[in-house]
Amino acid sequence: MPCKLWCDTTSSKEAEEIEAMTSPRRVIFPAFTSSKMLWMKKHEPGNFNRLSKCMLPHDYLNFYLTGKFVMEAGDASGTGLLDVDNKKWDAKLMAELGFEKYFPESLQDPNQKVGNLKPEVATSLGLPLDVIVAAGSGDNMMAALGAGAVESGRYVASLGTSGTIFCSSEKSVHSELISSFCDALGSNLPLVCTQNCATVPEEIRKTFGGGSMSRDEITELAQNEEIGCEGIVFIPYLNGERTPNEPLSSGVLYGIRPGMLKRPGLLYRAALEGVTFAIFEGYLEMVGTPPSNDGCNEANGINLVGGGSRNPLWRQIFADLFNSPVSSLEEAESAALGAALQAA
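First things first, this report covers the structure right here in the doc. (Residues numbered from 1 in each chain as written. Predicted model: local features only at pLDDT ≥ 70, side-chain atom pairs only at ≥ 80, totals over all residues. Heavy atoms only, no water.)

**A few points about a nonpolar patch on the surface**
Moving on, step 1. A cluster of nonpolar residues, Val-233, Ile-235, Val-252 and Tyr-254, forms a patch on the protein surface that exposes about 350 Å² of accessible area.
Moving on, step 2. Following the sequence through the fold, Ile-235 ends up in strand β9 (residues 233-235).
Moving on, step 3. By relative accessible area, Ile-235 is classed as partly exposed at 32%. (Patch = residues over 30% accessible without salt bridge, like charges linked within 9 Å, V, L, I, M, F, W, Y side chains within 5 Å. Areas by Shrake-Rupley, 256 points an atom, 1.4 Å probe, with all protein chains shown as cover. Salt bridge = Lys/Arg side-chain N within 4 Å of Asp/Glu carboxyl O. Helix = DSSP H or I, 4+ residues; strand = E, 2+ residues; numbered from the N terminus. Buried < 20%, exposed > 50% of the residue type's maximum accessible area, 1.4 Å probe, protein only.)

In structure tokens, the structure reads:
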């Protein structure tokens, strides 16, 4: 049976409907779980009526390992049903949607254990019964912990299928562009997520020679092109966009002149610049330019994670645009490292 991924935008109308229910009003993105549930309730009532519990991926893993149905605030932030300021469910919104019965009544403290392994699971895995299962959290929350976004001014940017940038904050931050999330330690993780990131330059690479050109080869060509790509502007909204919240938008390649479409390095660099500027727009909102909030300090360093962080040209573009030191991490799997740190 087909399922809706986070990046599916067909629940945009449902997201708008839920957003209108929130008080005080907050942004509900089509990526949020609640919009997918409402879409299913409307369009696939038969499947919705089969629903017993709603679990995010790591919640299901914890349920399988321990038999306990729990959630923590970090990943629950992405449902659109959380009162982030108070780190509890928005009971009024859940009641209006009729979703209360699908979620646990309260949230798991990230510093408390979920429980121990069920005997049959311990036997199947060859582990002792006294193994403790930690609360866990979402991928970005764990990446933030593993990559060091635990102090003011230290940002983490993930360059993968989607692009994200986030930082630790003592208070929640609310904005049209910012997802107000909780982190894996009980604090806050203001986050900007773009729908289109590494997939955009990859689209260019695959266009030339059927993808026969390697990433290293096309990056070398792009390094020989000048900053600004001779005026080409690549608006990278190939799959709609979340930041800004324009799920039905599309990409634009502006400023093309004769011969430019024959230069893969030029178009590849334009794609890298376009997706980096998209992330930068969200970053400016995070630090209050324009002055819409005061929750985040300017970056004094950015740790890059995700597949795109291995590209030296992309790292340089990031450093130039953000005017900040940029580092790629020795441990590429920062989310896995964060999970280990939280469990410890």
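**Some details on the nonpolar core**
Generally speaking, nonpolar side chains in soluble globular proteins are found buried as a group.
Moving on, step 1. Ranked by internal contacts, the top residues of the largest apolar core, which has 41 residues, are Tyr-155, Ile-165, Phe-318 and Phe-322.
Moving on, step 2. Breaking this core down by element, the ones donating at least two residues are β5 (154-159), β6 (163-167), α9 (199-207), α10 (215-223), α11 (264-286), β11 (301-305) and α12 (312-322).
Moving on, step 3. The leading source of residues in this core is α11, at 11 residues.
Moving on, step 4. The next biggest cluster of nonpolar side chains, apart from the first, holds 39 residues, and it includes Ala-76, Leu-82, Val-84 and Phe-166. (Core = buried A, V, L, I, M, F, W, Y, C linked by side-chain atoms within 4.5 Å.)

**What to know about α11**
Because an α-helix completes one turn every 3.6 residues, residues spaced three or four positions apart along the sequence face the same direction.
Moving on, step 1. Taking 1.5 Å per residue as the helical rise, α11 with its 23 residues ought to reach 33 Å, and the 33 Å between its terminal C-alpha atoms agrees with that figure.
Moving on, step 2. Of all the 23 residues making up α11, 20 are buried; the element is thus mostly covered by neighbouring parts of the structure.
Moving on, step 3. Gly-288 sits one or two positions beyond α11 and adopts a positive phi of about 90°. (Expected span 1.5 Å × (residues − 1).)

**Comments concerning the packing of aromatic side chains**
Moving on, step 1. Summed over the entire model, instances satisfying the criterion amount to 11 aromatic pairs.
Moving on, step 2. Each ring, one from Phe-32 and one from Phe-181, has its centre 6.1 Å from the other, and the planes form 40°; the classification is tilted. Here the residue Phe-32 occupies a position in the loop between α1 (12-21) and α2 (33-43), and Phe-181 occupies one in strand β7 (residues 179-182), the gap between them amounting to 149 residues. For the residue pair Phe-32 and Phe-181, the accessibility class agrees, reading buried in each case.
Moving on, step 3. For the pair Trp-89 and Phe-103, a centre-to-centre distance of 5.2 Å together with 55° between the ring planes defines the contact as tilted. Here Trp-89, found in strand β2 (residues 88-89), pairs with Phe-103, found in the loop between α6 (91-97) and β3 (115-116); they are 14 residues apart in sequence, far enough to count as distant. Phe-103 carries the same exposure label as Trp-89, and that label is buried. (Phe/Tyr/Trp six-rings, centres within 6.5 Å; stacked < 30°, edge-to-face > 60°.)

**What about the environment of Leu-272?**
Moving on, step 1. Tracing the sequence through the fold places Leu-272 in helix α11.
Moving on, step 2. Sequence separation between Leu-272 and Phe-318 is 46 residues, and the spatial gap between their C-alpha atoms is 9.3 Å.

**A word on the packing of α10 against α11**
Moving on, step 1. Remark: α10 packs on α11, axes separated minimally by 7 Å, with the N-to-C direction vectors making an angle of 90°. The angle between α10 and α11 places the two elements in the roughly perpendicular class. Residue-level inspection shows Ile-218, Thr-219, Leu-221, Ala-222 and Gln-223 of α10 in contact with α11, the latter providing Pro-264, Gly-265, Tyr-268 and Arg-269.
Moving on, step 2. Here the residues of the contact of α10 with α11 are counted per class, giving five nonpolar, three polar and one charged. (Axes fitted to C-alpha atoms, helices over the stretch in contact; angles between N-to-C directions. Parallel < 35°, antiparallel > 145°, perpendicular 65-115°, else oblique. Contact = heavy atoms within 4.5 Å. Nonpolar A, V, L, I, M, F, W, Y, C, P; charged D, E, K, R; others polar.)

**Considering unusual backbone geometry**
Moving on, step 1. Looking along the chain, the bond that leaves Ser-23 and enters Pro-24 is cis, with omega of -5°.
Moving on, step 2. With respect to the secondary-structure elements, Pro-24 resides in the loop between α1 and α2.
Moving on, step 3. Here the amide bond leading from Thr-243 into Pro-244 is cis, since omega sits at 5°, within 30 degrees of zero.
Moving on, step 4. Within the secondary structure, Pro-244 sits in the loop between β9 and β10 (252-254).

**Some words on the packing of helix α8 (residues 139-147) against helix α13 (residues 334-343)**
Moving on, step 1. At a minimum axis distance of 6 Å, the contact between α8 and α13 shows a crossing angle of 80°. Considering the angle they form, α8 stands roughly perpendicular to α13. Every residue of α13 that contacts α8 at Asp-139, Met-142, Ala-143, Leu-145, Gly-146 and Ala-147 is listed here: Ser-334, Ala-335, Leu-337, Gly-338, Ala-339, Leu-341 and Gln-342.
Moving on, step 2. Per-class residue counts for the contact of α8 with α13 are eight nonpolar, four polar and one charged.

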